[in-house]
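Coordinate inspection notes
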There are 2 protein chains.
Amino acid sequence: MSDIVFLNNKYFKFKEAKISIEDRGFQFSDSVYEVVAVLNKKILDFDFHIRRLKYSTSELKFNYKVNNNFIKNIFQTLIKRNKLNNGIIYLQITRGVQSREHVYTKKLIPNVIIYTAKKKFNLPNKNYKGVKAITYPDIRWGRPDIKTTSLLANIIAATEASKKFAYEAILVKGKKITEAAHSNVWIVKDNNIITHPANKEILKGVTRTVLINIIKSLRFKLIEKEFSIKALFKADEVFITSSASFVTPVIQIDNVKINNKKIGKITKSLALNLYKSIN
Amino acid sequence: MSDIVFLNNKYFKFKEAKISIEDRGFQFSDSVYEVVAVLNKKILDFDFHIRRLKYSTSELKFNYKVNNNFIKNIFQTLIKRNKLNNGIIYLQITRGVQSREHVYTKKLIPNVIIYTAKKKFNLPNKNYKGVKAITYPDIRWGRPDIKTTSLLANIIAATEASKKFAYEAILVKGKKITEAAHSNVWIVKDNNIITHPANKEILKGVTRTVLINIIKSLRFKLIEKEFSIKALFKADEVFITSSASFVTPVIQIDNVKINNKKIGKITKSLALNLYKSIN
């Protein structure tokens with residue numbers, strides 16, 4: 001929770017930033033969002049987030065033209081006013097307010113909400129840690145590639161993980177792994193780095209995109225392909241990526257130890273190189 | 001939109017009824033709802049709606065105890081204060097407000113929103129009409145049996161229908177029909193009345209339940225079983241049911257005429273009997 005919130009061209013105190021009960025984001029999850037990391041006051045991967053935001057609003061046919069400079073100014077203002085050093089910027093755009101009806105009308109005016117939250121990141125320094133994950137059925141809707149607030153399946157999976165003292169829930173569709181409740185999943189096997197292809201079955205993570213470029217520049221072998229739950233458990237290393245998790249090692253899944261509960265070498269190397277690329 | 005809205009134990013003017021931007025219903029579609037019909041000031045099927053509301057809140061593990069009398073009193077107050085003769089009552093309950101995070105914490109205080117809207121119903125009188133529908137892929141999440149606001153797939157389908165001047169979108173999963181974007185689907189073939197079984201693939205409509213009792217009392221032959229898109233197009237009659245649509249005949253699907261675009265005899269009979277049962 002932050003002190004100051006941007007809401008439709010005005011800045012409000014958090015408690016005063018409220019939305020209509022007939023906002024379509026509230027009644028139909030008719031809205032999209034982005035979570036952007038801020039490290040030492042620096043906004044990370046802004047252009048990638050904006051590109052994805054454009055994809056989300058365009059796929060849902062929102063009456064909204066994303067303006068890079070407009071959004072960047074708000075981000076910078078909020079970082080300053082909320083004295084944010086390390087944390088995230090949360091941005092949500094809804095289709096707008098309309099008398100409740102499934103069918104949306106054209107030319108609604110989108111609601112734009114932007115605020116910040118402090119957060120400690122799991123960075124590859126002396127406190128770098130591996131986490132536990134669970135596996136959970138992937139029961140999300142058919143378009144997880146759009147970053148929408150239709151997140152019930154994700155929060156149920158994430159809460160189930162939390163109950164088992166795990167950090168993430170890795171989603172299983174049939175016999176294959178798609179991604180996790182709030183991150184992308186990667187496995188390392190025989191020095192190959194494997195992750196699900198960026199198609200309509202997963203959200204194309206910004207950190208995923210950034211890391212792929214790093215992997216290529218380091219000449220590691222990358223394979224974007226589907227992999228099974230069996231391959232997950234038999235992996236040499238497993239890690240997850242997201243804008244708020246960076247590269248986080250997974251050292252246990254359900255009751256199975258991964259890499260004997262140690263952070264893998266390739267994982268650590270990727271985390272370090274990602275961190276280096278930021279600074 | 002109604003004049004007076006109930007929001008967390010108080011009545012507000014519509015424009016003043018607003019919710020927090022960190023309400024989980026808004027950020028995660030972590031909320032459930034009901035739409036209840038009001039005909040000549042009379043609340044229809046109250047007990048069935050309450051039973052389903054209990055199912056929804058319990059499946060999502062909301063920290064909320066549904067109190068029948070409490071809700072009935074609010075419904076009656078709103079009908080009176082908003083001078084509602086014919087229309088609907090919209091009720092939405094969210095898990096509550098929490099600093100944004102996928103994992104929900106226990107003991108959140110749910111937000112309860114209730115308001116009314118005027119509506120003309122398609123009743124079996126001289127203005128009774130058949131409607132057009134389209135078919136559309138069912139890309140909803142894995143738990144449509146819970147009445148949640150995770151409705152993006154539904155609104156996309158419904159809007160696609162509207163663009164084609166159709167009233168509803170009938171959802172197709174693989175080769176079979178599940179239900180429609182905001183109603184249950186029924187077909188009549190050789191005097192058998194067929195509808196999808198009430199399992200986790202469809203929402204168990206209140207009007208569906210009421211109508212099943214009527215069908216049984218009239219000794220029509222009812223079969224609750226899955227049916228294909230082929231069976232849909234070849235049906236003698238097709239109709240949809242919902243709390244706001246009652247029994248509405250479908251006389252065209254995509255470019256296919258059903259029953260030569262006439263309202264079927266069994267459909268009309270069921271609509272009349274449902275209407276009779278209300279009065």
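These lines cover the structure that appears in this document, whether it is placed above or below.

Conventions adopted
- Residues numbered from 1 in each chain as written.
- Chains lettered and ligands numbered in written order.
- Predicted model: local features only at pLDDT ≥ 70, side-chain atom pairs only at ≥ 80, totals over all residues.
- Heavy atoms only, no water.
- Salt bridge = Lys/Arg side-chain N within 4 Å of Asp/Glu carboxyl O.
- Helix = DSSP H or I, 4+ residues; strand = E, 2+ residues; numbered from the N terminus.
- Buried < 20%, exposed > 50% of the residue type's maximum accessible area, 1.4 Å probe, protein only.
- Contact = heavy atoms within 4.5 Å.
- Buried area = accessible area lost by both parts, 1.4 Å probe.
- Polar contact = N/O pair within 3.5 Å; in protein donor to acceptor, adjacent residues only side chain to side chain.
- Nonpolar A, V, L, I, M, F, W, Y, C, P; charged D, E, K, R; others polar.
- Pairing = 2+ DSSP bridges.
- Axes fitted to C-alpha atoms, helices over the stretch in contact; angles between N-to-C directions.
- Least-squares fit on C-alpha atoms with pLDDT ≥ 70 in both.
- Parallel < 35°, antiparallel > 145°, perpendicular 65-115°, else oblique.

Describing the pattern of salt bridges
- What the rule picks out here adds up to 26 salt bridges over all chains.
- Measuring nitrogen to oxygen at the nearest pair gives 2.5 Å for the salt bridge that ties Arg95 of chain A to Asp30 of chain A. Residue Arg95 of chain A is located in the loop between β6 (87-94) and β7 (111-118), and its partner Asp30 of chain A is located in the loop between α1 (24-28) and β4 (31-39); the two are separated by 65 residues in the primary sequence.
- Among the residues examined, Arg95 of chain A registers a relative accessible area of 2% and is labelled buried.
- With a relative accessible area of 0%, Asp30 of chain A lands in the buried category.
- The partner of Asp30 of chain B in a salt bridge is Arg24 of chain B, with the nearest N and O atoms 2.8 Å apart.
- Among the charged side chains, a network of salt bridges with common partners joins Lys173, Lys176, Glu201 and Glu226 of chain A.

Observations regarding unusual backbone geometry
- The residue Lys261 of chain A is not glycine, and still its phi comes out positive at about 65°.
- On the secondary structure map, Lys261 of chain A appears in the loop between β17 (256-257) and α7 (265-278).
- Given the relative accessible area of 40%, Lys261 of chain A is considered partly exposed.
- Phi is positive for Asn40 of chain B, close to 50°, though the residue is something other than glycine.

Remarks on the interface of chain A and chain B
- On the chain B side, the residues contacting the 53 residues of chain A number 53 residues.
- Between chain A and chain B lies a buried interface of about 4300 Å² when both sides are counted; carbon and sulfur atoms form 67% of it.
- Inspection of the region where chain A meets chain B yields 17 residue pairs in polar contact (both at pLDDT 80 or more).
- Considering only residue class, the side of chain A that touches chain B consists of 25 nonpolar, 17 polar and 11 charged.

Side note on the sheet that holds β6 of chain A
All names here are of chain A.
- In spatial order, the strands read β2-β1-β7-β6-β4-β5; together these six strands make up an open sheet with antiparallel pairing. The open sheet terminates on both sides in strands that have one partner only, identified here as β2 (10-13) and β5 (42-43).
- Against the sheet, helix α2 (residues 46-59) makes contact with β4, β5 and β6, and its axis sits at roughly 175° relative to β4, the strand it touches most.

Side note on the sheet that holds strand β1 (residues 4-7) of chain B
All names here are of chain B.
- In space, the six strands of this open sheet follow the order β2-β1-β7-β6-β4-β5, with antiparallel pairing throughout. The open sheet has two edge strands with one neighbour each: β2 (10-13) and β5 (42-43).
- Bridge count between strand β4 (residues 31-39) and strand β6 (residues 87-94): eight bridges; the pairing is antiparallel. Looking at β6, one finds that Val35 is bridged to Tyr90.
- Sitting on the sheet, helix α2 (residues 46-59) touches β4, β5 and β6, and the angle it makes with β4 is about 175°.

What about the relation of the copies chain A and chain B?
- Each copy of the sequence occupies a distinct position, and chain A is placed on chain B by a rotation of 180° and an axial shift of 0.0 Å, giving an RMSD of 0.0 Å. Taken together, the rotation angle and the small translation identify this as a two-fold axis.
- With an isologous cut-off of 70% or more, the 100% of interface residues of chain A that recur at the interface of chain B puts this contact in the isologous class.

Structural notes on the packing of helix α5 (residues 206-217) of chain B against helix α7 (residues 265-278) of chain B
Residue and element names in this part refer to chain B.
- Orientation of α5 relative to α7, taken along the N-to-C sense of each, is 105°, at an axis distance of 10 Å. In this view, α5 runs roughly perpendicular relative to α7, as classed from their interaxial angle. Taken together, the residues of α7 that come into contact with α5 (itself represented by Thr207, Val210, Leu211, Ile214 and Ile215) are Leu270, Asn273, Leu274 and Ser277.
- Taken together, the residues of the contact of α5 with α7 break down into six nonpolar, three polar and no charged.

As for the pairing of strand β11 (residues 184-189) of chain B
Residues and elements named next belong to chain B.
- Of all the six residues making up β11, five are buried; the element is thus mostly covered by neighbouring parts of the structure.
- With four bridges joining them, β11 and strand β12 (residues 192-195) adopt antiparallel strand pairing. In the strand pairing of β12, Lys189 is matched with Asn192.
- The turn joining β11 and β12, which pair antiparallel and follow one another in sequence, is formed by two residues; a positive phi near 50° is taken by Asp190.

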